[in-house]
Amino acid sequence: MGIYDFKVKTREGNEVALSDYKGKVLLIINTATGCGFTPQYDGLQELYELHQKDGLEILDFPCNQFAEQAPGNDEEIHTFCTVRFGTTFPQFSKIDVIGENAHPLFKYLSENTKFEGFGKNPMALILKGVVKKMDKDYKNNGNIKWNFTKFLIDRNGEIKARFEPTASIKDVQKKIEEIL
C-alpha cells in the first residue's frame, strides 16, 4: 500500500483519489482553526503561492482531536481559513488522525514515520507537557502528537520528511525546495 492508494473526502463530501496528485510534491497537514499554531496558515499560503507552479500541493485536513481546536463544520472552517489567512490550497473534510477512527491515510503516515521530537523552542516546551499527559509513551511512537503535523511526499509518492508543529516554516520550505 502506498500514498496513491488512499481516497479522501473534499469538504463538499466528494471522494478524491490521492492518485490524482501523482507527479506532485505533497505537503499533507492536519490543521485546526483555534490552535496556537494556526498562524502557520500564513507561511503555508506563501509556500503554496511560491511553489504551486513548480508542482507543490498542500493538502489540508482539519482535525478536532487535539483540545477540540477545530470546532465548526467543514464550510465554517473553510470560510475562516480563506477569510483570515487567504488560503487557496485544497482543504478536505474534517477527519480523525489518531485513534480507532483515524483515517487510513493518517494511519499510514504515522506508521511510516518516526517522531523525532519537538525541538527546543518555547512552544516545544509547552507542547511536550500537554502531549505527555495524553500519551505517556509519545516519544516512542509515530502517532501524530498535535495540530499542524506535516508530511512531505515526493513526486513518486514516497514520504520524505515529517515535521512536527514546532518546526519552522523555513525548515519545511528548505526541504520542499530540495525535493522540487
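### What to know about the sheet that holds strand β4 (residues 56-62)
Logical step 1: Judged by pairing direction, the sheet is mixed, and its 4 strands sit side by side in the order β4-β3-β5-β6 without closing on themselves. In this open sheet, the two strands that pair with only one neighbour each are β4 and β6 (159-163). Within the sheet, the average angular offset between the axes of one strand and its neighbour, ignoring direction, is 15 degrees.
Logical step 2: Relative to strand β5 (residues 149-153), strand β3 (residues 25-31) is paired through 5 bridges, and the arrangement is antiparallel. Note that in β5 the partner of Asn-30 across the bridge is Thr-149.
Logical step 3: Contacts from helix α1 (residues 40-51) reach β3, β4 and β5 within the one sheet, and its direction differs from that of β4 by about 150 degrees.

### Topic: the nonpolar core
Logical step 1: Among the nonpolar cores identified, the biggest contains 54 residues, and Ile-28, Leu-105 and Phe-106 are the most heavily contacted of them.
Logical step 2: For this core, the element with the highest residue contribution is β3, accounting for 5 residues.

### Quick notes on helix α3 (residues 104-111)
Logical step 1: Of the residues making up α3, those classed as buried are Leu-105, Phe-106, Tyr-108, Leu-109 and Ser-110.
Logical step 2: Residues of α3 that are buried in the fold lie against β1 (7-9), β3, β4, β5 and β6.

### Details of the environment of Pro-165
Logical step 1: Of note, Pro-165 is situated in the loop between β6 and α5 (169-179).
Logical step 2: Its relative accessible area of 1% is what places Pro-165 among the buried residues.
Logical step 3: Dropping the residues within four chain positions of it, Pro-165 is found in contact with Phe-37, Gln-40, Phe-118, Leu-127, Trp-146, Asn-147, Phe-148, Thr-149 and Lys-150.

### Description of a nonpolar patch on the surface
Logical step 1: Nonpolar side chains collect at one region of the surface, where Met-123, Ile-126, Val-130 and Met-134 lie side by side and expose about 350 Å² of accessible area between them.
Logical step 2: Within the secondary structure layout, Val-130 lies in helix α4 (residues 122-134).
Logical step 3: According to the relative accessible area criterion, Val-130 is partly exposed, its value standing at 33%.

### Overview of the environment of Glu-57
Logical step 1: One can find Glu-57 in strand β4.
Logical step 2: Given the relative accessible area of 9%, Glu-57 is considered buried.
Logical step 3: The contact partners of Glu-57, leaving out residues within four places of it in the chain, are Tyr-21, Lys-24, Val-25, Leu-26, Leu-27, Tyr-48, Gln-52 and Pro-90.

### Comments concerning the pairing of β3
Logical step 1: Of all 7 residues in β3, 7 are buried; the element is thus mostly enclosed.
Logical step 2: The side-chain alternation of β3 yields two buried faces, one formed by Val-25, Leu-27, Ile-29 and Thr-31 and the other by Leu-26, Ile-28 and Asn-30.
Logical step 3: Regarding the hand of the β-α-β motif, the stretch spanning β3, α1 and β4 is right-handed.

### Some remarks on the side chain of His-51
Logical step 1: Its location among the elements puts His-51 in helix α1.
Logical step 2: A relative accessible area of 9% places His-51 in the buried class.
Logical step 3: The residues contacting His-51, other than those within four sequence positions of it, are Leu-56, Gln-173, Glu-177 and Leu-180.

The rules behind these values
Residue positions are counted from 1 within each chain, in the order its sequence is given. This being a predicted model, a pLDDT of at least 70 is required before a residue's local features are given, and a value of 80 or more before pairs of side-chain atoms are given or counted; all residues contribute to the totals for chains, interfaces and linings. The basis for the side-chain values is all heavy atoms of the structure; hydrogens and waters are excluded. Two strands pair under a simple rule: DSSP has to find at least two bridges between them. Counting from the N terminus, the helices are the DSSP runs of H or I reaching at least four residues and the strands are the DSSP runs of E reaching at least two. Lines fitted to C-alpha atoms define the axes here, with helix axes fitted over just the stretch in contact, and angles between the N-to-C directions of these axes take values from 0 to 180 degrees. We call two residues in contact whenever any of their non-hydrogen atoms come within 4.5 Å of each other. In this text, buried Ala, Val, Leu, Ile, Met, Phe, Trp, Tyr and Cys residues form a nonpolar core when linked through side-chain atoms within 4.5 Å. For every residue, the accessible area obtained with a 1.4 Å probe (protein chains only) is divided by the maximum for its type, and the residue is called buried under 20%, exposed over 50%, and partly exposed between those limits. Residues enter patches when they are more than 30% accessible in relative terms and free of salt bridges; like-charged ones are connected within 9 Å and nonpolar ones (Val, Leu, Ile, Met, Phe, Trp, Tyr) within 5 Å. Each accessible area is a Shrake-Rupley result for a 1.4 Å probe, and residues are judged covered by the shown protein chains and nothing else. Any Lys or Arg side-chain nitrogen located within 4 Å of an Asp or Glu carboxyl oxygen qualifies as a salt bridge. The handedness of a crossover follows from its direction of travel: if, with the strands pointing away from the viewer, the path from the first strand over the helix to the second runs clockwise, the crossover is right-handed.

Take it as geometry only, folks, not as evidence of what the structure does.
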